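Structure at a glance
Here is what each chain is made of, one letter per residue.
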Amino acid sequence: MALVSYREAVRGALRDEMLRDERVILLGESITGYGGSYAVTKGLVEEFGSKRVMETPIAEAGIVGFAVGAAMGGLLPVAELMTVNFALLALDQIVNSAAKFHYMFGGQWSVPLVVRTVSGFGQLGPTHSQTFEGWFASVPGLKVVMPATPADARGLLLASIRDPDPVIFIEHSLLYSTRGEVPEPTPGEADEIPIGSAKVVRQGDDVTLVGYSRMLLQALQAAEVLERDDGISAEVIDLRTLRPVDYPTVVESVRRTHQLVLCGEDWRTGGFGADLLSETQDRCFDDLDGPIQRVAMRDIPMAYSRQLERALVPTSDQVVEAVRRLN
Amino acid sequence: MALVSYREAVRGALRDEMLRDERVILLGESITGYGGSYAVTKGLVEEFGSKRVMETPIAEAGIVGFAVGAAMGGLLPVAELMTVNFALLALDQIVNSAAKFHYMFGGQWSVPLVVRTVSGFGQLGPTHSQTFEGWFASVPGLKVVMPATPADARGLLLASIRDPDPVIFIEHSLLYSTRGEVPEPTPGEADEIPIGSAKVVRQGDDVTLVGYSRMLLQALQAAEVLERDDGISAEVIDLRTLRPVDYPTVVESVRRTHQLVLCGEDWRTGGFGADLLSETQDRCFDDLDGPIQRVAMRDIPMAYSRQLERALVPTSDQVVEAVRRLN
Amino acid sequence: MAASPGPRRVRPKRTVSRSVDPELPLGLTPAQCRHMYRQMVLIRRFEDHAAEAYAQAKIGGFLHLYIGEEAVAVGALNACRDDDHLLGHYRDHGYALARGCDPKRCMAELFGREDGLCHGRGGSMHLADASRNFWGGYAIVGSHIPIGAGMAYAMQYQHRDQVVLDFFGDGATGNGIFHEGLNMAALWNLPIIFICENNLYGMGATLAEESPVSEMKIKAEGYTMPSVQCDGMDVLAVYAAVREAAEHCRSGQGPVFVEALTYRFRGHSMADPELYRDKSEVQRWRSQDPIPRFGEFCVEHRVCSQKELAQINEEVEQLMLDAVAFADQSPWPDPAEVGRGIYAKPIDPEAGVAPSVSAVELARIEAEPEAKQAGI
Amino acid sequence: MAASPGPRRVRPKRTVSRSVDPELPLGLTPAQCRHMYRQMVLIRRFEDHAAEAYAQAKIGGFLHLYIGEEAVAVGALNACRDDDHLLGHYRDHGYALARGCDPKRCMAELFGREDGLCHGRGGSMHLADASRNFWGGYAIVGSHIPIGAGMAYAMQYQHRDQVVLDFFGDGATGNGIFHEGLNMAALWNLPIIFICENNLYGMGATLAEESPVSEMKIKAEGYTMPSVQCDGMDVLAVYAAVREAAEHCRSGQGPVFVEALTYRFRGHSMADPELYRDKSEVQRWRSQDPIPRFGEFCVEHRVCSQKELAQINEEVEQLMLDAVAFADQSPWPDPAEVGRGIYAKPIDPEAGVAPSVSAVELARIEAEPEAKQAGI
Ligand SMILES: Cc1ncc(C[n+]2csc(CCOP(=O)(O)OP(=O)(O)O)c2C)c(N)n1
Ligand SMILES: Cc1ncc(C[n+]2csc(CCOP(=O)(O)OP(=O)(O)O)c2C)c(N)n1
Ligand SMILES: [Mg+2]
Ligand SMILES: [Mg+2]
């Protein structure tokens, strides 16, 4: 085990998989000389050369389309879209190309593509602070991953690159510098974390908190506050994969705790939490003691000003409040 | 009152508003010589000329961006995106331009833009049969309208064009030839239907069915079957506007019926119905006798083959079944 | 700016020498000529039957006919190797048939049947046959342009010598994705031939409504890409242009842009009322029909006799009757299978396995409250 | 393909005659020259202070400095009318200040305060002042190119004689939206000047990595749009190019593309480690600094003395101190107001009014089971 940052975990997974498999290539904007806007790909072009770490024009739709074609031609491309905000420009290629071809052409080929992109905020203003995981997670043909920890970032990225289907892999800018234990690669040992499995990261009896990415950390903090101040024992589940959702794990927990709080960072209206809620109320209606609670971004464009941003972003306090509403 | 088709109602609203206000312009692909891919704009270029009915290149992002700019410059553009599938190409301009500017520039100006587009299916295959209303409805800054009837199509389109904010106006290809009463324009009388108001189109006591666009008709058919075969009295609400949702009307009904079925045509996972469900369970948890039911598209790309398409598309039968599950 | 002019006066000169055979240009053999003639007839008759089947509601949705443009696909695909990669747009029957796909399975796809090339999932707009490196018809205008560039990159990267042929229309050049794809192909010197079928219309838009320049080849010049124009109603002109382009590409000299001047004799799709163009314009172009034109050439050059041509027509007609019969009899896809094949590695939402671990591991995560900002 | 060459050798020749004043070219008055000099200094000092405030965490998020490129905004905006419409990208302080926006309110915006031009909602990347027809800085690369075209159309449609100036970078030309916007502007002959600030980099990408051609003006040629290149380190060269372009546009002759060859002396944004370029390259370009260069010109042409220049610098410095003090003291936006201003006509989800009507009206709707298919 080594203590590494989330950033290093992503970079390490990219590097190790590039060493293992020549078909893996990276492409994206400012990922070479610049080292990546969040410094994730730093050093990789120097190590692997510009045929495997490709600097692209600022052309998000073209990047994803190109990566789809490269995947069809036998490569394993990992395309970086600088932030998920810019992924809107590539949405057609993600939804109508990457996600569709396996089905639409009758299974003749698949598109083993990873689109790495980044969620987050921090005074970035209205157009650069959004997150759209719920949109991706609604598209048949995509798999969607949002790791919260360095270990999961590594294990899930390896699984994503090896997956024969298109995977949207969403990192979080505010997690890059967080550190955590990551297992050292051991030859012959499975190093992947399977796509589609959630993880119970804290056991509890009274309420289930479901989070992912940065909101997992908020949920964990809230769990500690609840334990200390309210004597409430919260179980915390890290969803890790958003498509497919590991409902058995969520449902099993709710059957014991009878209370559920969903923690996300996208807009409340139409956010991914709405979907989780829809599905869990269907599966757990009779188990629930109260309405499923959601913590989410307020339905407002993200304002630049620090004071305004603070008023919008979901926090662990809001998770605590949501639990208190139920108790 | 005149009996007109949904297509004619849309065309009539465009024409009347163009006659009333010189600032109204139309732009889109094949909307002039061709008359519009669904013949909605037929005859308008002949009447108003190519300065007001503009044939554009096949450039969805450019069309919406251009329309945003024209709106900022003092016009009232109505941009047609041939189908909502192609709207993905313009999503950045819709989300990061149209929806944002009023807020992001501190209220200095607004973007009085209407984007007309079309949902629907009919053996159009995997990339041409989708619908994304839930995505639009999740974006602060947008208003989203999906009329089911000719009268609403007219009244809401007039309101949309006159609205100072960007409105996504989604028509349905399978409704174009349906006919309904539309009030004759009477000078001096309000001809708009306000954005944001739902409508109870059938009164009932036992269950509330919420639908919009084509699914409203399915809900109404289901209500009749339920009355006849099961003695169940269904109330049917036409949502009409998806952002903002008229929750008071929905909640008031659910408080009486204690059962709710949401009818949509987008994918179950992440569909607009998930959002409706999330919000109504929050407002009505103690009023509900059973889990809120959803009728939605199966989470599968739309296959071309007739037999497969039939297996995917939500129908009135499914609405009936959903109600029966609750009873 | 409504009706556009008739057949272009500018007929690009054949630059390739006729030295190999005094009778046949471009080193072509009589067999090759017969093959090309036959393919054009095959496409034409396939589509005539498809149009009929559409009228009988055996085919649904959209049906975009290639009638009038056959020389483009046939000339281009005969000018390159069978294992060169092929992508095209939704008007794709010609690509499939010129690449040698089974007409039966093509027709079955149009009929939405299980024996269709894509098992009825794709339909007319999405024919594909990966076993022949035909990577499909694409229906989001222009979307397959960067996809083709990506495939070309995969070839270059793997030191494989196949080139990519990427067909699209004049209308596609108005979409930004066209430029993004061309830019990348030029930047990375990729082995791809962009073939623009300039048929003067993008659905109902005339060329003048779509583009400030009437020659699409000009649009490639901003990418320092060699670009040529050829008469798309002349199968040999297309053959010559694409053969040269393929050599250029295959020898590592980068992408080429080929503009084929052509015309669709039928509407954009079956629902097109064709209000935007004059019947007389269509008539003028019909007089350039590539099939009789090349038929005459074959007879003149003693490739075959009129009788032999007629025989080819009859043979093809029989094949088409067979194809329709095959499609008619092919089973419908099983509705119970509709959810299969979304993923190559299926996901099972019921099968999530959550390793339940203690909080210890995660407690080691040290969250930094203010992470370093990126420099976007 | 890493480092790019130093200052371009090609210096576009001034085509405009110098006849008006033997001393000053382009018919400029000494007052105009002093004004332009002062504006460049203003932008420079504004940004020096902004950089300092960023280091003190008074400014958050992204901060993109225009230092080194001042001659472009100043030359261009002085060459057109004050009521001409202005749009630019996120590197936007220069546009705002050259258009005469209040530096105090600009700085307050960067500080996220209520007195900011956009009340702290937009921040550095989104300065705007509609009262001056400055329609903002845009942060989705290229997105404002069709927006500018749309504004230009609105002018043409309303017979207003303002032209639109739309500034963007070399990197933006790789995005499809750039082409869609140029195509429309050319098609409809719109009064818009596209000003490409070619500073050799798009964030960390070198020009050679972004584009197969090093001259951005070539990219306009496919749209039959006049395009010119000018020395973006020379305020008079930019002035001359844009003045000519504005005349062309305003007289109804359609769009013009102006490429200004320039360089940013600082990183892409404050977080940029600048690993992708040599310090020596930056040094070479710094020797072309447009401010001392134009200062020398002013002294040489007796527009003002060295002492007067120094005085301008001092005055500006005082203004900047005032601006920072103003921004520091400006109140924070009220968090309770954060949800205000999303809509010009607010929506109130609690206020829905549902007219409860009988089923009669709706029963008249006759659904057709199989609606006619469109011809897409
Ligand atoms: C992105 C997108 N926009 C619009 C359409 C609808 N559409 C289908 S074909 C077509 C015209 C394409 O014209 P062109 O590229 O010239 O090809 P042609 O049909 O003439 O062969 C349009 C607008 C689409 N399929 N995709
Ligand atoms: C669509 C989009 N993709 C990526 C980015 C991130 N980004 C911001 S500025 C920039 C470089 C732009 O370069 P250029 O257009 O040359 O302008 P410059 O910064 O050099 O003035 C990039 C890639 C963005 N803002 N928008
Ligand atoms: Mg065409
Ligand atoms: Mg630049």
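Reading the values: rules and limits
- Residues numbered from 1 in each chain as written.
- Chains lettered and ligands numbered in written order.
- Predicted model: local features only at pLDDT ≥ 70, side-chain atom pairs only at ≥ 80, totals over all residues.
- Heavy atoms only, no water.
- Helix = DSSP H or I, 4+ residues; strand = E, 2+ residues; numbered from the N terminus.
- Buried < 20%, exposed > 50% of the residue type's maximum accessible area, 1.4 Å probe, protein only.
- Contact = heavy atoms within 4.5 Å.
- Donors = N, O, S within 2.8 Å, 3.2 Å for Na, K, Ca; no water.
- Near = heavy atom within 4 Å.
- Polar contact = N/O pair within 3.5 Å; in protein donor to acceptor, adjacent residues only side chain to side chain.
- Areas by Shrake-Rupley, 256 points an atom, 1.4 Å probe, with all protein chains shown as cover.
- Nonpolar A, V, L, I, M, F, W, Y, C, P; charged D, E, K, R; others polar.
- Core = buried A, V, L, I, M, F, W, Y, C linked by side-chain atoms within 4.5 Å.
- Buried area = accessible area lost by both parts, 1.4 Å probe.
- Salt bridge = Lys/Arg side-chain N within 4 Å of Asp/Glu carboxyl O.
- Pairing = 2+ DSSP bridges.
- Axes fitted to C-alpha atoms, helices over the stretch in contact; angles between N-to-C directions.
- Domains from an automatic or database assignment.
- Parallel < 35°, antiparallel > 145°, perpendicular 65-115°, else oblique.
- Left-handed = near helix turned anticlockwise from the far one by under 90°.

Section: the overall build of chain C
Scanning chain C from terminus to terminus reveals 13 helices and eight strands. Looking at chain C as a whole, 62% of its 376 residues are labelled buried. Taking the contacts inside chain C whose residues are at least 6 apart along the sequence as the reference set, 74% of them involve residues at least 24 apart.

Focus: the coordination of the magnesium ion (ligand 3)
All names here are of chain C. The coordination sphere of the magnesium ion (ligand 3) contains the protein donors Asp170 (OD), Asn199 (OD1) and Tyr201 (O), at a distance range of 2.0 to 2.1 Å. All donor residues of the magnesium ion (ligand 3) come from one chain, and their arrangement in sequence is D-x28-N-x1-Y. Linking aspartate 170 in the loop between β3 (164-169) and α6 (176-187) with tyrosine 201 in strand β5 (residues 201-202), this pair joins segments that are 31 residues apart in sequence. Its relative accessible area of 2% is what places aspartate 170 among the buried residues. With a relative accessible area of 2%, tyrosine 201 lands in the buried category.

What about the site of ligand 1?
Among the 23 residues in the neighbourhood of ligand 1, the closest are listed as B:Glu60, C:Tyr90, C:Arg91, C:Ala139 and C:Gly171. Within the side chain of B:Glu60, a nitrogen or oxygen atom sits 2.5 Å from a nitrogen atom of ligand 1. A distance of 2.7 Å separates an oxygen atom of ligand 1 from a polar side-chain atom of C:Tyr90. Here ligand 1, which alone exposes 580 Å², has 99% of that area covered by the protein. Across the shell around ligand 1, the residue classes break down as 12 nonpolar, seven polar and four charged.

With respect to the nonpolar core
Within soluble globular proteins, side chains that are nonpolar tend to cluster in buried spots. Of all hydrophobic cores here, the largest spans 486 residues; its most connected members are A:Phe136 and B:Phe136. Dropping the residues within four chain positions of it, A:Phe136 is found in contact with A:Val84, A:Ala87, A:Leu91, A:Ile94, A:Leu142, A:Val144, A:Ile168 and A:Ile170.

Some thoughts on the site of ligand 2
Around ligand 2 sit 23 residues, and of these A:Glu60, D:Tyr90, D:Arg91, D:Ala139 and D:Gly171 come closest. Proximal residues around ligand 2 fall on chains A, C and D, making this an inter-chain site. A distance of 2.8 Å separates an oxygen atom of ligand 2 from a polar side-chain atom of D:Asn199. Its free accessible area being 580 Å², ligand 2 has 99% of it covered by the protein chains. Residues that form the shell around ligand 2 fall into these classes: 12 nonpolar, seven polar and four charged.

Here we look at the coordination of the magnesium ion (ligand 4)
Each pair of donors in an ideal four-coordinate tetrahedral metal site encloses 109.5 degrees, whereas pairs in an ideal six-coordinate octahedral site enclose 90 or 180 degrees. Around the magnesium ion (ligand 4), the protein contributes the donor atoms D:Asp170 (OD), D:Asn199 (OD1) and D:Tyr201 (O), which lie 2.0 to 2.2 Å from the metal centre. Here the donor residues for the magnesium ion (ligand 4) map to a single chain with the spacing D-x28-N-x1-Y.

Examining the interface of chain C and chain A
Contact with chain C, which involves 66 residues of that partner, is made by 85 residues of chain A. At the boundary of chain C with chain A, total buried surface from both sides reaches about 5900 Å², with 63% on carbon and sulfur atoms. Taken together, the links from chain C to chain A amount to zero salt bridges. Where chain C meets chain A, there are 19 residue pairs in polar contact (both at pLDDT 80 or more). Within the residue set of the side of chain C that touches chain A, elements represented by two or more residues are β2 (134-138), α5 (144-157), α6 and α13 (360-363) of chain C.

Side note on the environment of A:Val111
Residues and elements named next belong to chain A. Positionally, valine 111 belongs in the loop between α5 (101-104) and β5 (114-119). In sequence terms valine 111 and proline 166 are 55 residues apart; their C-alpha atoms lie 5.8 Å from each other. Ignoring sequence-local partners within four residues, the contact set of valine 111 consists of Val68, Ala71, Ala98, Phe101, Pro164, Asp165 and Pro166.

Focus on the sheet that holds strand β12 (residues 241-243) of chain A
All names here are of chain A. Pairing in this open sheet of seven strands is mixed, and the strands run β3-β2-β4-β5-β7-β6-β12 from one edge to the other. Lying at the two open borders of the sheet, with one neighbouring strand each, are β3 (53-55) and β12. When the angles between neighbouring strand axes are averaged without regard to direction, this sheet yields 20°.

Digging into the sheet that holds strand β13 (residues 260-267) of chain B
Residues and elements named next belong to chain B. Across the sheet, five strands lie side by side as β9-β11-β10-β13-β14; this open sheet has mixed pairing. Edge strands, defined here as strands with exactly one partner in the open sheet, are β9 (199-202) and β14 (293-297). The mean inter-strand angle of the sheet, taken between neighbouring strand axes irrespective of direction, is 25°. Sheet topology places strand β10 (residues 207-211) next to β13; three bridges connect them, and they run parallel. When the bridges of β13 are listed, threonine 208 appears paired with leucine 260. Taken strand by strand, helix α8 (residues 214-230) contacts β9, β10, β11 (234-238), β13 and β14, and its axis lies near 170° from that of β11. The sheet strands contacting helix α10 (residues 272-284) are β10, β13 and β14, and the helix crosses β13 at an angle near 150°.

Topic: the domain arrangement of chain A
All names here are of chain A. Domains assigned within chain A are domain 1 (2-182) and domain 2 (199-326). The C-alpha-based centres of domain 1 and domain 2 are spaced at 26 Å. Each side of the interface is counted separately: domain 1 has 29 residues, and domain 2 has 22 residues. Roughly 2300 Å² of surface becomes buried between domain 1 and domain 2 when both sides are summed, with 58% attributable to carbon and sulfur atoms.

With respect to the interface of chain A and chain D
Each partner contributes to the interface: chain A provides 33 residues, whereas chain D provides 40 residues. For the pair chain A and chain D, the two sides together bury roughly 2800 Å², of which 67% comes from carbon and sulfur. When the area that chain A buries against chain D is broken down by residue, the three leading residues are A:Tyr34, A:Ile58 and A:Tyr304, summing to 28%. Our count for the contact surface shared by chain A and chain D stands at zero salt bridges. Inspection of the region where chain A meets chain D yields nine residue pairs in polar contact (both at pLDDT 80 or more). It is helix α11 (residues 306-312) of chain A that contributes the most residues to the side of chain A that touches chain D, five residues altogether. Here the residues of the side of chain A that touches chain D are counted per class, giving 17 nonpolar, 10 polar and six charged.

Overview of the packing of helix α4 (residues 103-110) of chain D against helix α12 (residues 306-329) of chain D
Two numbers describe a pair of packed helices, the interaxial angle and the distance between the axes. Residues and elements named next belong to chain D. It is the contact of α4 with α12, at a shortest axis distance of 8 Å, that shows an interaxial angle of 45°. It follows that α4 is oblique to α12 by the angle criterion. Both α4 and α12 take part in a crossing whose hand is right-handed. Contacts between α4 and α12 involve Pro103, Lys104, Arg105, Met107 and Ala108 from the former and Met320, Asp322, Ala323, Val324, Phe326 and Ala327 from the latter. Tallied by class, the residues present in the contact of α4 with α12 amount to eight nonpolar, no polar and three charged.

Some words on the side chain of A:Asp287
Mapped onto the fold, A:Asp287 is located in the loop between α10 (272-284) and β14 (293-297). The contacts of A:Asp287, once residues within four sequence positions are left out, are A:Val254, A:Arg255 and A:His258.

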